[in-house]
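For reference, the chains in residue letters:
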There are 2 protein chains.
Amino acid sequence: MRHDSLADKNCAVARTWSIIGERWTMLILREFFRGEHRFDPIARKLGLGRSVLTDRLRMLVDEGILERRHYDSVPDRLDYHLTNKGEDLYTLLVAVIEWGDKWVVDEPPVTLTHKKCGHQPHLSLHCEHCETELTRRDIHAEFAPDAW
Amino acid sequence: MRHDSLADKNCAVARTWSIIGERWTMLILREFFRGEHRFDPIARKLGLGRSVLTDRLRMLVDEGILERRHYDSVPDRLDYHLTNKGEDLYTLLVAVIEWGDKWVVDEPPVTLTHKKCGHQPHLSLHCEHCETELTRRDIHAEFAPDAW
DNA sequence: CAGTATCCTCGAGGATACTG
DNA sequence: CAGTATCCTCGAGGATACTG
């Protein structure tokens, strides 16, 4: 099976992974969450081929995750910005950071803090009805008839 | 830069992505979270090359995400199981499902419910100290001196 | 059943120079 | 500065048959 066909499956994981499940995509997105917006700094920082970055940015714009903005005042300058769809990947990024901090790095290279109180935020799986934190064991998965 | 070198960066995202940021890995892991444990069913379901699956399983075992178990009673049968490190990727998987449900599929192919009450669980970024839910704007990121 | 062995293709992506 | 153009390599992964 060609990998491309993942995009056609009726499965949120397969479809999402066909977008972000690639070597560079998540690292490019992280630069945007860090506050970077431009081509050259990202290319230099990540050290990836310029044509690869061109391609990924185009794909992310096509997917509606980034949008391009021209600056009339500075003609050659072009900025990319996260759309709401892109911003919404923040939770996923935090999940990656939390897992990585716990299991694959020694000292956390990045520390997240709540601006107001200085304490650390955490992701939790939470039942709004019961107001309790849940683990995998508390959860049942039900598949639609046409789910992949 | 070779992609392999991501594993050496002092960055939780880069290191985590060097493990799971690959076309098939997350989908293979999803099968385990679904309750699958064996080679052939996964190979058939995902339709990927058998040698690729062999390779990924070996990698996931090396990384301590899966472990192999032999069954003395059934000699040819071999099961793979998620370790604690692997189980802990559940949050990340839910983040993928939630984002995918919201942005890339129409009807959610999978519905998660809290076994006890039947309501749906949600991921939230949460400050334990303030007991409030946070968004990206509420959070400050601080980088260690040697962070990538 | 859980692989291994073999062969093959094609495209991802690195390197570098150039451009409006 | 944000690309495009060009060239090249190499390895990912598909297909298929075989094995203890």
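Please refer to the structure placed before this passage.
Criteria and cut-off values
Each chain has its residues counted from 1, running along the sequence as written. Throughout, the order in which chains and ligands are written sets their labels, letters from A for the former and numbers from 1 for the latter. Only residues with pLDDT of at least 70 get local features here, since the model is predicted, and only at 80 or more are side-chain atom pairs given and counted; chain-wide, interface and lining totals rely on the full set of residues. With hydrogens and water set aside, each side-chain value is computed from the structure's full complement of heavy atoms. In this text, helices come from DSSP runs of H or I with a minimum length of four residues, and strands from runs of E with a minimum of two, each type numbered from the N-terminal end. Values of the radius of gyration come from C-alpha atoms, whereas the globule rule sets the reference at 2.2 Å times the count of residues to the power 0.38. The cut-offs for exposure are 20% and 50% of the maximum accessible area for each residue type, with area from a 1.4 Å probe on protein chains only; residues under the lower value are buried, those over the upper are exposed, and the others partly exposed. Only heavy atoms are used to decide nearness, and a residue is near a molecule or strand if one of them lies within 4 Å of it. Pairs of N or O atoms within 3.5 Å make up the polar contacts considered here, provided that, within protein, one atom can donate a hydrogen while the other can accept it, and that residues adjacent in sequence are counted only when both atoms are side-chain atoms. Three classes are used: nonpolar for Ala, Val, Leu, Ile, Met, Phe, Trp, Tyr, Cys and Pro, charged for Asp, Glu, Lys and Arg, and polar for all others, with Gly counted as polar. Between the first and last residue of a helix there are one fewer steps than residues, each counted as 1.5 Å, and that sum is the expected span. Fitted lines through C-alpha atoms serve as axes, helices being fitted only where they are in contact, and the angles separating the N-to-C directions of these axes extend from 0 to 180 degrees. To sort the angles, those under 35 degrees are grouped as roughly parallel, those over 145 as roughly antiparallel, those from 65 to 115 as roughly perpendicular, and the leftovers as oblique. The criterion used for residue contact is that any of the two residues' heavy atoms lie within 4.5 Å.

Draft legend 1. Region of interest: the overall build of chain A. Secondary structure assignment for chain A yields 6 helices and 6 strands. Shown N-terminal to C-terminal, the secondary structure of chain A runs as helices and strands in the order α-α-α-α-β-β-α-α-β-β-β-β. Against the compact-globule benchmark of 15 Å for 148 residues, chain A has a radius of gyration of 18 Å, which places it well outside the compact range. For chain A, the spread of C-alpha atoms along the principal axes amounts to about 55 × 45 × 30 Å. Burial status across chain A gives 45% buried among its 148 residues.

Draft legend 2. Structural detail: the protein's contact with DNA strand D. Lining the immediate environment of DNA strand D, one finds 22 residues, of which R50, T54 and Y80 of chain A together with V52 and R56 of chain B sit closest. Backbone sugar and phosphate groups make up 74% of those atoms of DNA strand D lying within 4 Å of the protein. Y80 of chain A places a polar side-chain atom, nitrogen or oxygen, 2.5 Å from a phosphate oxygen of DNA strand D. Contact between DNA strand D and G49 of chain B: a phosphate oxygen at 2.8 Å from a main-chain N or O atom of the residue. Only α3 (39–46), α4 (50–62) and β2 (78–82) of chain A together with α4 (50–62) of chain B provide two or more residues apiece to the surface near DNA strand D. Residue composition of the surface near DNA strand D, grouped by class: 7 nonpolar, 3 polar and 12 charged.

Draft legend 3. Local environment of the environment of N10 of chain B. All names here are of chain B. Assignment of secondary structure puts N10 in the segment before α1 (12–20). On the basis of relative accessible area, N10 is assigned to the partly exposed category, the value being 21%. Put simply, N10 and L89 are 79 residues apart on the chain and 20 Å apart in space, counted from C-alpha to C-alpha. A polar atom in the side chain of N10 sits 3.3 Å from the backbone oxygen of D146.

Draft legend 4. Just helix α6 (residues 90–103) of chain A, in detail. Look at α6 of chain A: 20 Å from first C-alpha to last across 14 residues, which is about the 20 Å you get at 1.5 Å a residue. For α6 of chain A, every residue scored as buried is listed here: Y90, L92, L93, V94, A95, V96, I97, W99 and G100 of chain A.

Draft legend 5. Main features of the packing of helix α1 (residues 12–20) of chain A against helix α6 (residues 90–103) of chain B. For the pair α1 of chain A and α6 of chain B, interaxial distance at closest approach is 8 Å and the crossing angle is 90°. The angle between α1 of chain A and α6 of chain B falls in the class roughly perpendicular. Across the interface between the two elements, A12, V13, T16, W17 and I19 of chain A of α1 of chain A pack against L93, V96, I97, W99, G100 and D101 of chain B of α6 of chain B. Here the residues of the contact of α1 of chain A with α6 of chain B are counted per class, giving 8 nonpolar, 2 polar and 1 charged.

Draft legend 6. Spotlight on the protein's contact with DNA strand C. Around DNA strand C there are 22 residues in total, and R56 of chain A together with R50, T54, L78 and Y80 of chain B lie nearest to it. Protein-adjacent atoms of DNA strand C, using a 4 Å cutoff, are sugar or phosphate at a proportion of 74%. Note that a phosphate oxygen of DNA strand C is positioned 3.0 Å from one of the side-chain N or O atoms of E22 of chain A. G49 of chain A is positioned such that a nitrogen or oxygen atom in its backbone is 2.9 Å from a phosphate oxygen of DNA strand C. Looking at the surface near DNA strand C, the elements that each hand over two or more residues are α4 of chain A together with α3 (39–46), α4 and β2 (78–82) of chain B. Looking at the surface near DNA strand C residue by residue, the class counts come to 7 nonpolar, 3 polar and 12 charged.

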